Amino acid sequence: MAQLTVKALPSNDSGRLLVRVNKAYRAGIPRYGIAKLTNTQNSKSVRVLVLGHDDDSAIFMPYDIRQALGVDKAGNLNFEIKEVCRLGKILWLLKTPDPAVHVPAWLALISVLLGGVGIAIALC
């Protein structure tokens, strides 16, 4: 469990649903890894894309993730971070509100399902 100051994302990350946190606090989660970030004070959690940052005294996140965790900008966040399993990654891909992520994920899932149906028909 760690406690860091919450800051807004840098301007070059605006509009993206990701969290930037120093490698020391990422619990071995790689760059572009999907993690479950939990606010230990109120038990609210969210699956997030995790990137790094040089500042080891702060965690950077956008407004939507701050609201989901129930934390204010410039406030302190006591958090726990855990890497999610493969199913959790798939769920994140399908449920994220970012259309640049969820639209291709849904198209890929539909393609795999249709491919399975095609194989099943061919075997019959």
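For the structure itself, look to the data block above.
Let me begin by describing the structure that accompanies this report. Values in this document were obtained by computation on a predicted structure and should not be read as measured data.

Per the secondary structure count, the chain includes three helices and six strands. Walking the chain from its N terminus toward its C terminus, one meets helices and strands in the order β-β-β-β-β-α-β-α-α. Overall size of the chain, expressed as C-alpha extent along the three principal axes, is 60 × 25 × 25 Å. The buried share of the chain, reckoned over its 124 residues, is 37%. Summarising the internal contacts of the chain: among those between residues at least 6 apart in sequence, 69% fall at separations of at least 24.

So, on to the pattern of salt bridges. Tallied over the entire structure, the rule returns five salt bridges. Here K7 ties to D55 by a salt bridge, and the two come within 3.5 Å at their closest N and O atoms. Here K7 is found in strand β1 (residues 2-7), whereas its partner D55 is found in the loop between β4 (45-51) and β5 (58-60), with 48 residues between them in sequence. Here D13 and R20 are joined by a salt bridge, their closest N and O atoms 2.4 Å apart. By the burial criterion, D13 is buried, and R20 matches it. Several salt bridges converge on common partners, so that one network encompasses D13, R16 and R20.

Quick look at the sheet that holds β1 now. The strand order around the closed barrel formed by six strands is β1-β5-β2-β4-β3-β6, and the pairing between neighbours is mixed. On average, each strand axis in the sheet is tilted by 50° relative to the strand beside it, whichever way the strands run. Relative to β4, helix α2 (residues 86-95) is tilted by about 90°, and along the sheet it contacts β3 (33-39), β4 and β6 (76-83).

This brings us to the packing of α2 against helix α3 (residues 99-123). Between α2 and α3, whose axes approach to 7 Å, the crossing angle comes to 115°. Residues W92, L93 and L94 of α2 form the contact with α3, whose participating residues are V101, H102, A105, W106 and L109.

Reaching out from D55, the side chain makes a polar contact with the side chain of S57 at a distance of 2.7 Å. Setting aside anything within four residues of it in sequence, one finds D55 in contact with K7, N22 and F60.

Summarising the sheet, β1 and β6 pair through four bridges and their orientation is antiparallel. Opposite A2, over in β6, you have F79 as the bridge partner.

Moving on: the layout of surface pockets. Reported here for the largest pocket is a volume of approximately 180 Å³. Lining the largest pocket are L17, V46, R47, V48, D64, I65, A68, L91, W92, K95, T96 and P97. Broken down by secondary-structure element, the contributors of at least two residues to the lining of the largest pocket are β4, α1 (63-69) and α2.

Calculation rules
Residues numbered from 1 in each chain as written. Predicted model: local features only at pLDDT ≥ 70, side-chain atom pairs only at ≥ 80, totals over all residues. Heavy atoms only, no water. Helix = DSSP H or I, 4+ residues; strand = E, 2+ residues; numbered from the N terminus. Buried < 20%, exposed > 50% of the residue type's maximum accessible area, 1.4 Å probe, protein only. Contact = heavy atoms within 4.5 Å. Salt bridge = Lys/Arg side-chain N within 4 Å of Asp/Glu carboxyl O. Pairing = 2+ DSSP bridges. Axes fitted to C-alpha atoms, helices over the stretch in contact; angles between N-to-C directions. Polar contact = N/O pair within 3.5 Å; in protein donor to acceptor, adjacent residues only side chain to side chain. 1 Å grid on protein atoms, 1.4 Å probe; cavity = no way out; pocket = protein on both sides within 12 Å on 5 of 7 lines; lining within 4 Å. Points joined across faces, edges and corners; volume = space filled by probe spheres on them.

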